[in-house]
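Residue-level structure breakdown
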2 protein chains.
Amino acid sequence: MIPVFIQPDKSTWGTLLMRPALEQVELSAKVQEIMEAVRAQGEEAVINYTEQFDQVKLRSIRVTTDQIKAAADELTPALKTAMQIAKTNIEVFHQTQWQKTEKLETMPGVWCWRKSVGIDKVGIYIPGGTAPLFSTVLMLGVPAQLAGCKEVILCTPPNTEGNINPAILYAASLVGIEKIFSVGGVQAIAAMTYGTSSVPKVYKIFGPGNQYVTAAKQFAQQQGIAIDMPAGPSEVCVYADDTCESSFVAADLLSQAEHGVDSQVLLVASNEELVKKIQKEIDQQLSHLPRKKMAEEALKNSQAIVINTPEIAIELINEYAPEHLILAIDKAAWWAEKITNAGSVFIGNYSPESVGDYASGTNHTLPTNGYAKAYSGVSVDSFVKKITFQQLTSNGLQLLGPTVIEMAEAENLQAHSNAVAVRLQSLKK
Amino acid sequence: MIPVFIQPDKSTWGTLLMRPALEQVELSAKVQEIMEAVRAQGEEAVINYTEQFDQVKLRSIRVTTDQIKAAADELTPALKTAMQIAKTNIEVFHQTQWQKTEKLETMPGVWCWRKSVGIDKVGIYIPGGTAPLFSTVLMLGVPAQLAGCKEVILCTPPNTEGNINPAILYAASLVGIEKIFSVGGVQAIAAMTYGTSSVPKVYKIFGPGNQYVTAAKQFAQQQGIAIDMPAGPSEVCVYADDTCESSFVAADLLSQAEHGVDSQVLLVASNEELVKKIQKEIDQQLSHLPRKKMAEEALKNSQAIVINTPEIAIELINEYAPEHLILAIDKAAWWAEKITNAGSVFIGNYSPESVGDYASGTNHTLPTNGYAKAYSGVSVDSFVKKITFQQLTSNGLQLLGPTVIEMAEAENLQAHSNAVAVRLQSLKK
């Protein structure tokens with residue numbers, strides 16, 4: 001049963017919406033030890049840790065071109081077609097994110113512009129485990145390809161036979177990733193941070209992972225490697241009123257809950273009767289789920305909040321800043337305009353989170369844990385740097401120079417002023 | 001004298017281009033202590049630390065509207081005009097960075113879009129000291145205003161009389177910042193991280209500072225507050241050939257060197273004679289500088305590298321990834337196209353770094369320390385989140401649904417598949 005809170009006073013929102021604190025402190029010693037070992041011993045350490053954690057002794061961690069090619073034969077045509085459709089939609093949507101260079105004359109003779117340039121070397125981490133997250137390969141690989149990143153590498157742990165799930169290899173080949181390494185966990189993040197004899201050092205690391213991987217990415221960030229965004233358990237907020245289909249809402253809540261016991265589910269409903277109806281649907285649907293136990297646990301940590309005024313409900317949602325927000329309410333598109341803090345918003349009864357998780361075109365790597373207040377989801381932006389350029393004509397400098405001199409001297413930076421003055425003087429001659 | 005390296009072998013580049021390591025570890029205990037004290041005791045702790053570090057006992061840290069208004073009278077008309085011109089140019093350039101919402105139908109009935117929304121609450125930190133960095137107020141305040149951030153606050157330390165430099169207050173009023181607090185150092189970052197009775201808690205913190213402020217921002221980041229970018233000493237790389245004016249290059253190098261002894265200056269020159277000519281100019285110009293000693297120290301830690309092949313020089317520059325890059329070479333605009341790692345690029349003999357530092361329109365908050373390989377300078381992007389939205393029609397879901405079901409089941413996520421299936425089933429009825 002999801003605990004229910006009726007019309008909670010605003011003063012209680014802070015506590016009510018608080019995410020469970022994540023324990024990370026004890027991990028850091030172990031994580032640091034592995035990071036340091038890979039930095040010092042390189043490939044050898046990577047292979048040893050793989051033996052220790054993944055129970056397989058690899059000769060080489062690089063997946064061969066033949067292995068990548070062979071993966072396609074192991075998948076059904078239906079799955080391959082689905083992946084191709086998803087890839088195309090992701091591509092079409094992410095293409096619109098590319099910002100063209102626009103040269104601007106801010107004053108006569110003063111030209112300024114900004115150019116997007118793909119980050120040269122990026123690393124993608126894909127966790128192992130029961131769910132082979134090939135969809136994440138598409139979500140990170142497509143924007144990397146559109147951004148024009150020169151080197152895109154992928155690390156993912158092998159199974160005990162030393163193999164990678166063929167769907168992951170096939171997805172990688174769809175997005176043009178050729179350098180794939182059978183390495184997971186902290187040792188994978190370490191290999192991408194420091195480089196080994198086979199794994200190139202990268203400038204930015206992307207991708208999900210357990211708390212060890214998260215801690216390793218934080219460690220890498222302190223070493224000057226950029227990361228996609230801070231991590232936290234996945235979460236959905238569904239805002240429903242009487243126009244919703246309770247079976248749809250129940251299915252959406254369960255699709256989040258099946259991610260793991262620490263998944264966050266928040267139901268905001270316009271009345272208490274509706275919560276009961278949805279809870280009943282949850283109970284029915286839950287019984288058929290293979291991941292029933294996990295989902296049940298996650299639901300216990302979740303909550304339903306009844307708020308009968310839409311304005312206040314929206315305010316609460318913006319305060320929570322959910323990773324995913326489903327608006328199953330009357331005039332959903334209109335209310336969507338009022339959302340200021342969310343990773344991705346799903347509007348109306350026919351827009352379940354799953355479509356965005358896989359195939360509509362939007363990215364599924366999104367800010368969790370309230371980070372949507374300041375962070376965006378992954379996009380082409382995440383894979384480029386935007387470099388500014390400027391070029392002044394001699395006339396431009398003569399026009400703007402006195403302004404610069406005035407300001408530099410007021411900041412007591414005489415040499416800054418001189419850099420303009422020597423030029424203006426030479427132009428007087 | 002700047003140490004000179006002639007045609008260094010590529011194998012030595014790594015060592016040659018290495019930035020000096022920054023000592024930060026010992027700071028963290030003190031920084032943590034102040035952060036915790038402000039979290040626990042709020043405003044009282046802020047006032048006590050201000051007394052301790054800034055030697056002034058304040059009754060209230062909020063700068064009054066009257067104080068802000070009065071600041072304008074303390075500045076010369078020339079400085080005010082200069083600041084207005086700079087503000088306008090920054091505004092004109094940053095306006096082009098705003099990405100409009102574009103609704104896209106990735107498949108019939110599958111609508112996706114992305115919308116930029118200003119981060120609700122942002123904090124700007126401006127250091128005190130000898131140089132009152134009012135230019136940074138414009139560089140951060142203008143994009144915050146364009147982004148539509150609802151609450152923009154500014155913290156800057158008071159002098160021993162408890163006052164703020166009027167140029168900082170005037171710049172703040174130009175960009176519409178009304179909440180200004182007389183608080184500096186770690187206690188300012190702590191106040192913006194946790195909030196106090198007068199200072200609002202913010203979601204993202206911007207601005208430069210000494211190593212204590214940098215450490216405090218890192219600490220804030222670990223608490224879930226976003227920050228503009230990792231910090232490091234300012235740096236310039238000038239690439240010059242015989243078409244340059246040696247007095248201009250010398251002035252540009254000095255304008256960087258006067259920032260502080262830890263400033264980084266890298267001269268890449270096409271031949272050794274040119275280095276000598278520039279060194280001679282440096283010696284001459286240096287004697288007139290008020291910050292002579294600081295600049296001399298900075299130059300000792302810097303280097304000149306002679307490379308006679310432009311392609312290789314550009315390769316070295318991209319490996320160094322300078323914060324500022326000045327191209328004082330033949331066909332500078334053509335070579336600028338080859339730059340892939342830099343914060344901001346200044347093209348030709350009439351584009352000194354100072355124009356970008358103050359008034360051309362580009363931002364001066366840029367990635368140092370090689371971070372330009374993965375990070376961009378501050379822009380309107382830095383003050384917004386980009387939220388994705390999607391809305392499917394029932395036809396759209398019927399079209400895309402089977403793809404989602406196929407992929408979700410291959411990832412063993414049955415409930416994700418169900419969320420689509422329940423909807424498709426209801427549409428069959």
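Residues numbered from 1 in each chain as written. Chains lettered and ligands numbered in written order. Predicted model: local features only at pLDDT ≥ 70, side-chain atom pairs only at ≥ 80, totals over all residues. Heavy atoms only, no water.

With an RMSD of 0.0 Å, chain B superimposes on chain A once it is rotated by 180 degrees and translated 0.0 Å along the axis. In symmetry terms, the pair is related by a two-fold rotation axis. Taking C-alpha positions as reference, the residue of chain B nearest the rotation axis is Gln99 of chain B, located at 4.0 Å. Taken together, the interface assignments show that 100% of the residues at the interface of chain B recur at the interface of chain A, consistent with an identical surface on both copies. (Least-squares fit on C-alpha atoms with pLDDT ≥ 70 in both. Contact = heavy atoms within 4.5 Å.)

Turning to the pairing of strand S13 (residues 344-347) of chain B, a few remarks are in order. What you see with S13 of chain B is no split at all: Ser344 and Phe346 of chain B on one side and Val345 and Ile347 of chain B on the other are buried throughout. Pairing between strand S14 (residues 384-392) of chain A and S13 of chain B: four bridges, direction parallel. Looking across to S13 of chain B, one finds that Phe389 of chain A is bridged to Val345 of chain B. Pairing of strand S12 (residues 324-328) of chain B with S13 of chain B involves four bridges; the strand directions are parallel. Bridge pairing in S13 of chain B links Leu327 of chain B to Ile347 of chain B. (Buried < 20%, exposed > 50% of the residue type's maximum accessible area, 1.4 Å probe, protein only. Helix = DSSP H or I, 4+ residues; strand = E, 2+ residues; numbered from the N terminus. Pairing = 2+ DSSP bridges.)

With that settled, consider the domain arrangement of chain A. Each assigned domain of chain A is listed here: domain 1 (24-100 + 117-228), domain 2 (233-376) and domain 3 (393-427). Computed from C-alpha atoms alone, the centre-to-centre distance between domain 2 of chain A and domain 3 of chain A is 56 Å. (Domains from an automatic or database assignment.)

This part takes up helix H9 (residues 211-222) of chain A. All names here are of chain A. Here H9 spans 17 Å end to end across 12 residues, near enough to the 16 Å set by a 1.5 Å rise per residue. When H9 is considered as a whole, its buried residues turn out to be Val213, Thr214, Ala215, Ala216, Lys217, Phe219 and Ala220. Here the buried face of H9 lies against helix H2 (27-41), strand S4 (121-125), helix H8 (185-194), strand S7 (204-206) and strand S8 (226-227). Immediately downstream of H9, the backbone of Gly224 shows phi near 95 degrees, a positive value. (Expected span 1.5 Å × (residues − 1).)

A word on the environment of Gln285 of chain A. Checked against the element boundaries, Gln285 of chain A lands in helix H11 (residues 272-286). Between the C-alpha atoms of Gln285 of chain A and Ala250 of chain A, which are 35 residues apart in sequence, the distance is 7.7 Å. Among residues more than four places away in sequence, those in contact with Gln285 of chain A are Ser247, Ala250, Ala251 and Leu254 of chain A together with Val422 of chain B.

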